[in-house]
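Listed below, chain by chain, are the residues.
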Amino acid sequence: MNELHPSPIEASSGKTTRHRLNRGGDRQANAALYRIVLVRLCYDQATRDYMARRIKEGKSKKEIIRCLKRYVAREVFAVLQQMRATDSTKATWHLYERQVSTITPSPGRRRAGAL
């Protein structure tokens, strides 16, 4: 499970201190985290507010997505730990309830199959 998180690697040059994503680890898990972040950016108002706030602070979109991926990885890890400790069905249902309560379609978008 240690390989799930998109840990940063220092990539500094001169006086500039930067970090880049660790390209190692579980690529499928990192791709899944990225997709979760993109969906949240489209549908979750709190995530959009977070991005706007961080952009005002001078962060780049890549840096913000990296932070969001770390946040999502912590959430997923907590659910997996809960699944291990308790009935896995109950923990999965808790994750589903959170997704349903936080993801609402944007006013300008229609769901697939909606008329």
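What counts as what
Residues numbered from 1 in each chain as written. Predicted model: local features only at pLDDT ≥ 70, side-chain atom pairs only at ≥ 80, totals over all residues. Heavy atoms only, no water. Helix = DSSP H or I, 4+ residues; strand = E, 2+ residues; numbered from the N terminus. Contact = heavy atoms within 4.5 Å. Areas by Shrake-Rupley, 256 points an atom, 1.4 Å probe, with all protein chains shown as cover. Core = buried A, V, L, I, M, F, W, Y, C linked by side-chain atoms within 4.5 Å. Buried < 20%, exposed > 50% of the residue type's maximum accessible area, 1.4 Å probe, protein only. Expected span 1.5 Å × (residues − 1). Salt bridge = Lys/Arg side-chain N within 4 Å of Asp/Glu carboxyl O. Arc of directions from axis to C-beta. Axes fitted to C-alpha atoms, helices over the stretch in contact; angles between N-to-C directions. Parallel < 35°, antiparallel > 145°, perpendicular 65-115°, else oblique.

A. Representation of the overall build of the protein. Counting its regular elements, the protein contains four helices and two strands. The helix and strand sequence of the protein, counted from the amino end, reads β-β-α-α-α-α. Excluding contacts between residues fewer than 6 apart, the proportion of contacts in the protein whose partners are at least 24 apart in sequence is 53%. Of the roughly 8700 Å² of accessible surface on the protein, 54% is carried by carbon and sulfur atoms.

B. Geometry of the nonpolar core. One finds L33, V37, L41, Y50, M51, I64, I65, C67, L68, V72 and A73 forming the largest nonpolar core, which totals eleven residues. Sorting the residues of this core by element identifies α1 (27-43), α2 (45-56) and α3 (61-85) as the ones contributing at least two each. The element contributing the most residues to this core is α3, with six residues. When sequence neighbours within four positions are dropped, the list of residues in contact with L41 reads T47, R48, M51, I65 and L68.

C. Main features of α3. Counted at 1.5 Å a residue, the expected span for α3 with its 25 residues is 36 Å, and the 36 Å between its end C-alpha atoms agrees. Every buried residue of α3 is listed here: E63, I64, I65, R66, C67, L68, K69, V72, A73, E75 and V79.

D. Broad picture of the pattern of salt bridges. Under the defined criterion, the tally for this structure stands at two salt bridges. The salt bridge involving R40 is made with E75; its shortest N-O contact spans 2.6 Å. Taken together, the residues R40 in helix α1 and E75 in helix α3 connect sequence positions 35 residues apart. An identical accessibility class is assigned to R40 and E75; each is buried.

E. Structural view of α2. Helix length check: α2, at twelve residues, gives a terminal C-alpha distance of 17 Å against a target of 16 Å (1.5 Å per residue), a fit within 8%. Among the residues of α2, those classed as buried are T47, Y50, M51 and R54. Down the axis of α2, the buried side of the element spans an arc of 100°, and every buried residue falls inside it. Where α2 is buried, its residues meet α1 and α3. Residue G58 follows α2 closely and has a positive phi angle near 95°.

F. Representation of the packing of α1 against α2 within the structure. Contact geometry for α1 and α2: axes closest at 6 Å, N-to-C directions at 95°. In terms of orientation, α1 and α2 fall into the roughly perpendicular class. Contacts between α1 and α2 pair R40, L41, C42 and Y43 from the former with Q45, T47, R48 and M51 from the latter.

G. The environment of L68, seen in detail. Relative to the helices and strands, L68 resides in helix α3. Counting along the chain gives 34 residues from L68 to Y34, while the straight-line C-alpha distance between them is 8.7 Å. Setting aside chain neighbours within four positions, we find L68 in contact with V37, L41, T47 and Y50.

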